[in-house]
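Summary of the model geometry
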Amino acid sequence: MSRHAAGPFDGERVLIALGGNAMTAPDGSAAPHAQRAAVEAAMEHVADLVAAGARVALTHGNGPQVGNLLIKNQLAADVVPPVPLDWCGAQTQATVGVLIMNALERALAARGAARPVTAIVTRTLVDAADRAFADPVKPVGRYFPRAEAERFMALGQAWRSYGPRGWRRVVPSPEPLEILDAGAAALLLDAGHIVVAAGGGGVPVVRAAGGEGARAEGNADGALRGVEAVVDKDLAAALLARRLGATTLVIATDVEHVLVGYGTPRERPLHRTAARELRTLAAAGHFAGGSMGPKVAAACRFVEGGGRRAAITSLDRITDAVRGKAGTVVEPGERTGAGGGPSAH
């Protein structure tokens, strides 16, 4: 492959984790035209970074897309058998991956910076004994009346009441242990491809225990099988970034900074911090588990595992974030004085 002109980020490896806002319209619409338009807008920012010389890998959320598939499952259950949640994850990885490939190739061509873009349907290993399987708490899909929820509980699904809003399915969200197809992604990245991998956290799989279902060639670890669960996209991104040798992890969301003291008179943006300081803030209750909490944890894990820098910021600031000049920048080392009383964001 021919070498492209050097830019300010020449040779730097960056993993960008795109949040759901990059995949849907501002009002949350996940209609096909809205998804296509949102991805095209997002890829303009990614193309700027690639054109500046960075070697980029991407991962993405898939919550709205999986939610749509689950609604189809539920509405058509009397006509066609519902497909399991891991199938939904694989389908949405492919759908969003193709949207990204098409949009990013066009944006790069417009900048005279053409690169091959490749999406990989990726599996993520989780532990079958993870406590999350005994206590499913991650809501997926939309709200339904109790009678509809009971119909699916009879099929073995877990549902939870959310009061006047109705009932919603809840599923396990186990800890990601390994991105199983990261080796293929690394080879493609080395060959000059922009790689899309581990979408939606990857398709969760477990290994058969005690050799049960082991492959004919004697795989002592057992065969892989998909499970009804979802993996947090940001925690999976931290694993993937380390496996790809990324120097920087950028978690793109709908706010420019992590906020300390969110919703209180002491609310303020956090600009630059160290992993230890950020973990102290998390332990004090600053970051809600279902929103900013996993992003903060992922940023900390990445730099603690050898990454040079992680940043949490809005999509339009990702290039500046790679420079360490935008968003909440997390680096190794010691910093003090973040302060702020407990709250959630």
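Rules used in this analysis
- Residues numbered from 1 in each chain as written.
- Predicted model: local features only at pLDDT ≥ 70, side-chain atom pairs only at ≥ 80, totals over all residues.
- Heavy atoms only, no water.
- Helix = DSSP H or I, 4+ residues; strand = E, 2+ residues; numbered from the N terminus.
- Buried < 20%, exposed > 50% of the residue type's maximum accessible area, 1.4 Å probe, protein only.
- Contact = heavy atoms within 4.5 Å.
- Areas by Shrake-Rupley, 256 points an atom, 1.4 Å probe, with all protein chains shown as cover.
- Pairing = 2+ DSSP bridges.
- Axes fitted to C-alpha atoms, helices over the stretch in contact; angles between N-to-C directions.
- Core = buried A, V, L, I, M, F, W, Y, C linked by side-chain atoms within 4.5 Å.
- Phe/Tyr/Trp six-rings, centres within 6.5 Å; stacked < 30°, edge-to-face > 60°.
- pLDDT = per-residue confidence, 0-100.
- Salt bridge = Lys/Arg side-chain N within 4 Å of Asp/Glu carboxyl O.

Structural notes on the overall build of the protein
- When helices and strands are tallied, the protein shows nine helices and 17 strands.
- Per-residue burial over the protein gives 51% buried out of 345 residues.
- Excluding contacts between residues fewer than 6 apart, the proportion of contacts in the protein whose partners are at least 24 apart in sequence is 74%.
- Working note: accessible area of the protein is about 15,300 Å², and carbon and sulfur atoms make up 53% of it.

Details of the sheet that holds strand β6 (residues 159–161)
- Spatial ordering of the open sheet is given by β5-β7-β6, a layout of three strands whose pairing is antiparallel. Of all the strands in the sheet, just β5 (138–144) and β6 have a single pairing partner and so form its edges. Recorded for the sheet is a direction-independent mean angle of 35 degrees between the axes of neighbouring strands.
- Each of β5, β6 and β7 (167–171) touches helix α2 (residues 63–75); the most contacted strand, β5, lies at about 50 degrees to it.

Examining the nonpolar core
- If you look at the biggest cluster of nonpolar residues, it comprises 45 residues, and the most contacted ones within it are L15, L240, L249, L278 and F302.
- Contributions of two or more residues to this core are made by β1 (13–18), α5 (182–190), α6 (233–243), β12 (248–253), β13 (258–260), α7 (275–283), α8 (292–304) and β16 (309–314).
- Excluding residues within four positions of it along the chain, L278 makes contact with L270, T273, F287, V296, C300 and V330.
- V39, V46, A47 and L49 belong to the second largest nonpolar core, which has 36 residues in total.

Overview of the sheet that holds strand β8 (residues 178–179)
- One open sheet holds the four strands; their spatial order is β8-β4-β10-β11, and the pairing between them is mixed. Every other strand in the sheet has two partners, leaving β8 and β11 (224–226) as the edge strands with one partner each.
- Strand direction decides the pairing type here: strand β10 (residues 203–207) and β11, joined by three bridges, are antiparallel. The partner of R207 across the bridge, within β11, is L224.
- Sheet strands in contact with helix α3 (residues 85–110) are β10 and β11, and its direction is about 135 degrees off that of β10.

Observations concerning the side chain of D234
- With respect to the helices and strands, D234 occurs in helix α6.
- Taking the relative accessible area as the measure of exposure, D234 reaches 3% and is therefore buried.
- The residues touching D234, leaving out its near neighbours within four places in the chain, are A17, I251, P294, K295 and A298.

Here's the deal with the packing of aromatic side chains
- Enumeration according to the criterion identifies three aromatic pairs in this entry.
- Between the aromatic rings of F144 and W159, the centroid separation amounts to 5.9 Å while the plane-to-plane angle is 80 degrees, which identifies the pairing as edge-to-face. Of the two residues, F144 is situated in strand β5 and W159 in strand β6; the sequence distance between them amounts to 15 residues. Each member of the pair F144 and W159 is classed as buried.

Comments concerning the confidence of the model for the protein
- On average, residues of the protein score 87 in pLDDT, and 90% of them reach the 70 mark or higher.
- Confidence drops under a pLDDT of 50 for residues 211–219, and excluding neighbours within four residues, the segment shows nine contacts in the predicted structure.
- Below a pLDDT of 50 lies the segment residues 336–345, which in the model reaches 40 contacts outside its immediate sequence neighbourhood of four places, other chains included.

Quick notes on the environment of Q65
- Secondary-structure assignment places Q65 in helix α2.
- Sequence-wise, Q65 and T24 are 41 residues apart; in three dimensions their C-alpha atoms are separated by 9.2 Å.
- The contact partners of Q65, leaving out residues within four places of it in the chain, are M23, T24, Q35, T92 and V96.

Considering the environment of D10
- Inspection of the secondary structure assignment puts D10 in the segment before β1.
- Judged by relative accessible area, which is 36%, D10 ranks as partly exposed.
- For the pair D10 and G53, spaced 43 residues apart in sequence, the C-alpha separation works out to 4.1 Å.

Comments concerning the pattern of salt bridges
- Evaluated as defined, the whole model comprises 19 salt bridges.
- Between D78 and R151 there is a salt bridge, and its shortest N-O distance comes to 3.3 Å. Of this pair, D78 sits in the loop between α2 and α3 while R151 sits in helix α4 (residues 146–153), and the two are 73 residues apart along the sequence.
- Residue R151 is classed as partly exposed on the basis of its relative accessible area of 30%.
- In this structure, R301 and E175 form a salt bridge, with 2.4 Å as the shortest nitrogen-oxygen distance. Residue R301 is located in helix α8, and its partner E175 is located in the loop between β7 and β8; the two are separated by 126 residues in the primary sequence.

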